[in-house]
Structures are given as C-alpha cells and as structure tokens.
Amino acid sequence: MQETAVPSAPPTPPVSLAALLSRDDLGLRQITGPPAGEVTIHGAHTSEMSDPYPYLLGGELLLTAGVHIPEAAGRPGSFDFDGYVARIVAAGGAALGFGVAPVHDTVPTGLVAACEEHGLPLVEVPPRTTFSGVARAVWQLMARARLSELRRITEAQQGLAAAASRPDPVPSVLRRLAGRLEGRAVLYGPEGAEIAAAGREPGDEVRRALAELARFVTGHPSSTATDTVAGTRLAAYALGPGRGFVLGVAAPHRESGDHTIASVAAVLLSLLTGEHQSGTGAARSSALVRLLLGARREEVAPLLGGGEGDGAVTRWYVVHARPDTGAPDAVSASALGAALGSPLVDAADDVVRVLVPAPPQAEGDGGARPEGGGGVRPEGDGGARSEGDGGARPEAGAAAPRKPPAGSGPAGSGPAGSGPAAQPGWTLGVSAPVAPAEWPAADAQAARALARARATRSALVRHAERPGFADLVPPGEAEAHARALLAPIGGVPALAETLRAWLSLHGSWDRTAVALSVHRNTVRQRIARCAALLSADLDDPDVRMELWFALRHLRG
C-alpha cells in the first residue's frame, strides 16, 4: 500500500544532542529522555504554537519558552501536555528545549512527565542562553560535520585516483578503499570468482553473503545492492552494464560519505577493467558519429545499449540530478551514472543528466509508477505544509531524516517497472519511460520533476502520466481551449511557468520560490499579475483546477 510521503529533513549531516549539551557556553541540561548520545538533530526551530506539528520537517530541536502554556498549568488538567508532546513526536521532532524565564521559572512538571512518557528528550535552556544562540550552535556543529564529511570524501577521491595510477592499479584501488572503509574490498569476475581482494578477511558467513550479493547485481538491471549480515554492512557495485565485473565491499560500520567513496572506486575499477570486454565503448562512439552526421535518435539508440534485441522499441528514462552539497564534478557524475546503471552522463552547470535504459518491465507502460514512502513522490502529488502556507498536512507518519526508499531490492532502481531509484547525496527528477524520438520531451519532464523535488525536499520525484478526466477531452479541442483561456498571459512565459509551479505546489509561496530559484515576493507579484490578466479568483478551487488542466494541455 502506498504511504503518504512526509518531507524529509534538510540534506545536511546530523549532529548529536550530546555534542550540543557539551557546549559550556550554552549551559544546557537534559532533564529526561533517551541518552543524548543516541539522539541526532537535523536543525533547530523556535515555535510558541500550541500545536507545532504543521511547522516541523522532522529531526528538529524544538525551542519554546512556554508562552502558550497558561501560568496555571501547574494545576492538573489546565493544559494538555500529553497531547502537545505527542504532536511533536508525531511530526518527527528530535528533542524539546524549554527556556526558563521570563514566562516560567521552572520547567513544568507535567511537561517533564509527558516527555518521559513519549521518550522525547527534554532539555532545559537557562535564562542567560538565547534561542538564537542555541540555533547558531546547532548550525555551527552541522557545518563542521559537513566540512569534515566533504574533506573525508575529497581525500578519499584523491587517494583512490593516485592508487589507480600505480603500476598495479586494481589491487592498489582495492587496498585504498578497504583502508578507507576499515573493511574488505573484493573484485569479482564475470564467473563470480574473486579476482583480487584487500583488507581484513571477514568470517565465512559474511564472505558467502558478499559473493551472493555480487551475483545478485549481475543478474538484475540495477547496478548496486546492499545488505547487512552478522552486523557487517555489505554493498555490491556492478562495474558497467552487462560486463560481469563486480566490486564487493564489507565494512563493520557505515559512515556518512561511504557510499560516495565506494562509488568513486567502482568508477575507477570500471575504467581499469576496460570497456572492450563488451564492445559498448565502440558502439557508443559509433552512435555519436552517426548523430553528428545527421542520423535520427531512434536509429542510433540501439547502439547505446539497453535493448532486448527482440525488435521492440527501446524506451529510456531521462534523469536530472543535483548533488545535495556543492557542484557536481566529472567523478561524482560518473559515480551517479554507475549507480543508476548507465554510462550516458552529461554534467553541465549544476545539473547532471543521465540517460537510463528502461528495464523490460517498463516497456509498454504509459508512464512510471510512483513509489510509496521513503521521500519519493510522483510529480503533482501533494506536499507537506510549511509554516504560513495553505494546504493540509498529512497526519500519519513522522518526518524522518532524508534517505532513499527502504526495501530489499537493489539501490540503483526501484520496484520492477518503476525506473531509477533515489541515490544517497543526490536529488533526482525522473521522466516517464519514452522512445528515443521523445527524448526532448522527457528532458523537460525530468527538469520539472527535479524542480519539484528540490521544492518539496524529496529525494526523488517521478513524472507521473496517469489517465484522468482531462483525457476525456480530445487533445486538439483541449489545446485550443487552453490557448484561449491562457491567452492573456501567453506572451509572458515567466507568468505561465510561475502559475504552473504555484498550482502544482498547492499555492505554496516558499516552495514555488525554491522551485523557480526566485524570491517569494517575485512569486506573489507574478501570481497577482496572472489573476489580474486572467480576471480570475485564484482562491477558487474550481478556477485553479481549470487553469491546471489548461496548462497541462498547453504546448510550446
């Protein structure tokens, strides 16, 4: 059953509550709740609302001075502490910080009991410590954690690149990778035998499980799979589609950035093992030459791989991706392509575009099927409400730190026929599976899906093509009506694009501004201009629905 997606926490490294409590300049004291070392924080937010649920993303340290709590709250039944704490927990709040003075001299005993009952860490903020000081300390710790993660990844990339230039490049890369991850790195051949290995030898159970995981990725469309056996984290990376070489990694623990480091090693090993094994390099070169000489896309597509050789039209996904931190480089872009199972990668500006062959299950589909939960959404689904925005927030589920969809399947693709899956450290927009002649339209779909993913802080958004009432109108008549209805704003593309984004995000000023990379006041001005030119009440849901249908049918 599809689950309601709740926006994930911002894509920043979390910090331990214990690190925040250790700051002597803040003087924070934990009153109740789990040990601080077991609690991670993804941000800090101040709210004096009696119900802060609609304004939390999940993972926050919520700060309050208890302004919403009556002074008579010491008397039983005067304030619903249990309901207040339950809503914070339901929203995914990581901890509650209560500031004593000027409203309350002490932390209310009812609040302490409620936090203890629900397992929510409760922290006392002394009068001398401001909430802005606590928030600044949280962001300082997060910035330090991010800098440490980036430094670790950069050093690992440099070390792996240096190892690849040695006279014995494959063993050198495996040794460097095993050292970085403090585990075991194995290169498996097409027959599943170990070609080279480095690092600590694991137990028999782990060794067999890693070999089985390597065989798994060679027999499936995805290029990456993960598992945990006997407390050891396992990962397998196919080194190029259809070639049979696999990188296997076993590590006793997993730190932030490990997947990126292993993916870089997989890219280097793919180059070292050589594309001549399957001849795909020569085929792609031939496809490029034919395109430059005027061949049609559908004529050269079979040379790019991904076809089943049964005469059917090969279908493809276009993926637009942006890294959560920094700008993409050639190595990280290639690693993303390897994780998605495609070497067809274009890294331009801040966006990486990947052309991914659709698996056989997706052939003939009318569009990608949305996945449920895990921060993955179909384009056009409702998002979560942000403070001050309109729209209802789902009540079920708690917002969790951002992560790709959970499941037992490989990490490179979702369930059968659903296309590419979310990748750690990236925000993805995925088109519907299309024939080569429709690649430009799919490129636009992926761009819009990526903009929505960034606006809703989702790891991945798919362009969803589903039949509906709008399909009952003949396309020609629908397009003619759309052009007539939208004619007053047709001469200003920015207005139509802003109206489309605003409607798709349920009238959210903030998320529309993020999706379009403009200021929220610019969004307000453009929407007001649209309403005036169209002589329409944009608060009327019927008007919004009619305009949305028109925008969907408007071409060009």
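This one's a predicted model, so the numbers in the text were calculated from it and none came from an experiment.

**Concerning the pairing of strand β7 (residues 122-125)**
Thinking step 1. The alternating pattern of β7 places Leu122 and Glu124 on one face and Val123 and Val125 on the opposite face, and all of these are buried.
Thinking step 2. Where strand β2 (residues 29-32) and β7 come together, three bridges link them in antiparallel fashion. Counted as the bridge partner of Arg29 is Glu124 from β7.
Thinking step 3. Pairing of strand β6 (residues 95-99) with β7, which is carried by four bridges, proceeds in the parallel orientation. Paired with Phe98 across the strands is Glu124, a residue of β7.
Thinking step 4. For the crossover that starts at β6, traverses helix α3 (residues 109-118) and ends in the parallel β7, the hand is right-handed.

**A look at helix α17 (residues 541-553)**
Thinking step 1. Across its 13 residues, α17 extends 19 Å between first and last C-alpha, which sits within 8% of the 18 Å expected from 1.5 Å per residue.
Thinking step 2. Taken as a whole, α17 has its buried residues at Val543, Leu547, Ala550, Leu551 and His553. Around the axis of α17, the buried residues are gathered within 165° of arc, so they sit on the same side. The exposed residues of α17 that point more than 90 degrees off its buried face are Pro541 and Asp542.
Thinking step 3. Considering only its buried residues, α17 is in contact with α12 (475-485), α14 (493-504) and α16 (520-534).
Thinking step 4. In this structure Asp540 caps α17, since a side-chain oxygen of it lies 2.9 Å from the backbone nitrogen of Asp542.

**Quick look at a negative patch on the surface**
Thinking step 1. On the surface, Asp80, Asp82, Glu116 and Glu117 cluster together into a patch of negative charge.
Thinking step 2. Judged by relative accessible area, which is 62%, Glu117 ranks as exposed.

**Some points on the packing of α14 against α17**
Thinking step 1. The geometry of α14 relative to α17 is characterised by a closest axis approach of 10 Å and an angle of 125° between their N-to-C directions. Between α14 and α17, the crossing angle belongs to the class labelled oblique. Crossing of α14 against α17: the hand is left-handed. Touching Ala496, Leu499, Arg500, Trp502, Leu503 and Ser504 of α14 are Arg544, Leu547, Trp548, Leu551 and Arg552, all from α17.
Thinking step 2. For the contact of α14 with α17, the residue count by class is seven nonpolar, one polar and three charged.

**Comments concerning the sheet that holds strand β9 (residues 194-199)**
Thinking step 1. Spatial strand order, β9-β8-β12-β11-β10: five strands in an open sheet with antiparallel pairing. Each edge of the open sheet carries a strand with a single partner, namely β9 and β10 (224-229). Between one strand axis and the next, the sheet turns by 15° as a mean value, whatever way the strands run.
Thinking step 2. As judged from the five bridges shared by strand β8 (residues 184-188) and strand β12 (residues 246-251), these two strands associate in the antiparallel manner. Opposite Leu187, over in β12, you have Leu247 as the bridge partner.

**Focus on the nonpolar core**
Thinking step 1. Judged by nonpolar contacts, the single largest core of 29 residues is most densely connected at Leu160, Leu174, Leu177 and Leu247.
Thinking step 2. Those elements that place two or more of their residues in this core are α4 (131-164), α5 (169-181), β8, β9, β11 (232-238), β12 and α7 (258-273).
Thinking step 3. In this structure Leu247 touches Leu174, Leu177, Val186, Ala235, Ala236, Tyr237, Leu239, Ala262, Ala265, Ala266 and Leu269, once residues within four positions along its chain are discounted.
Thinking step 4. Judged by nonpolar contacts, the second largest core, of 23 residues, contains Val15, Leu26, Ala94 and Val138.

**Thoughts on the confidence of the model for the protein**
Thinking step 1. Of all residues in the protein, 79% have pLDDT values of 70 or greater, and the mean over the chain is 79.
Thinking step 2. Within the model, the stretch residues 306-313 combines pLDDT values under 50 with eight contacts to residues more than four positions away or in other chains.

**A closer look at the sheet that holds β7**
Consider a sheet: its strands pair through backbone hydrogen bonds, and that pairing is either parallel or antiparallel.
Thinking step 1. In spatial order, the strands read β2-β7-β6-β5-β4; together these five strands make up an open sheet with mixed pairing. In this open sheet, the two strands that pair with only one neighbour each are β2 and β4 (43-46). Between one strand and the next, the sheet's axes are offset by a mean angle of 30°, whatever the strand orientation.
Thinking step 2. Note: β4 against strand β5 (residues 60-64), four bridges, orientation parallel. Bridge assignment links Gly43 to a residue of β5, and that residue is Glu60.
Thinking step 3. Across the sheet, α3 lies against β2, β6 and β7, angled at about 75° from β2, the strand it touches most.

Rules used in this analysis
- Residues numbered from 1 in each chain as written.
- Predicted model: local features only at pLDDT ≥ 70, side-chain atom pairs only at ≥ 80, totals over all residues.
- Heavy atoms only, no water.
- Buried < 20%, exposed > 50% of the residue type's maximum accessible area, 1.4 Å probe, protein only.
- Helix = DSSP H or I, 4+ residues; strand = E, 2+ residues; numbered from the N terminus.
- Pairing = 2+ DSSP bridges.
- Right-handed = clockwise from strand over helix to strand, strands pointing away.
- Expected span 1.5 Å × (residues − 1).
- Arc of directions from axis to C-beta.
- Contact = heavy atoms within 4.5 Å.
- Polar contact = N/O pair within 3.5 Å; in protein donor to acceptor, adjacent residues only side chain to side chain.
- Patch = residues over 30% accessible without salt bridge, like charges linked within 9 Å, V, L, I, M, F, W, Y side chains within 5 Å.
- Areas by Shrake-Rupley, 256 points an atom, 1.4 Å probe, with all protein chains shown as cover.
- Salt bridge = Lys/Arg side-chain N within 4 Å of Asp/Glu carboxyl O.
- Lys, Arg positive; Asp, Glu negative; His and termini not counted.
- Charge placed at Lys NZ, Arg CZ, Asp CG, Glu CD.
- Axes fitted to C-alpha atoms, helices over the stretch in contact; angles between N-to-C directions.
- Parallel < 35°, antiparallel > 145°, perpendicular 65-115°, else oblique.
- Left-handed = near helix turned anticlockwise from the far one by under 90°.
- Nonpolar A, V, L, I, M, F, W, Y, C, P; charged D, E, K, R; others polar.
- Core = buried A, V, L, I, M, F, W, Y, C linked by side-chain atoms within 4.5 Å.
- pLDDT = per-residue confidence, 0-100.

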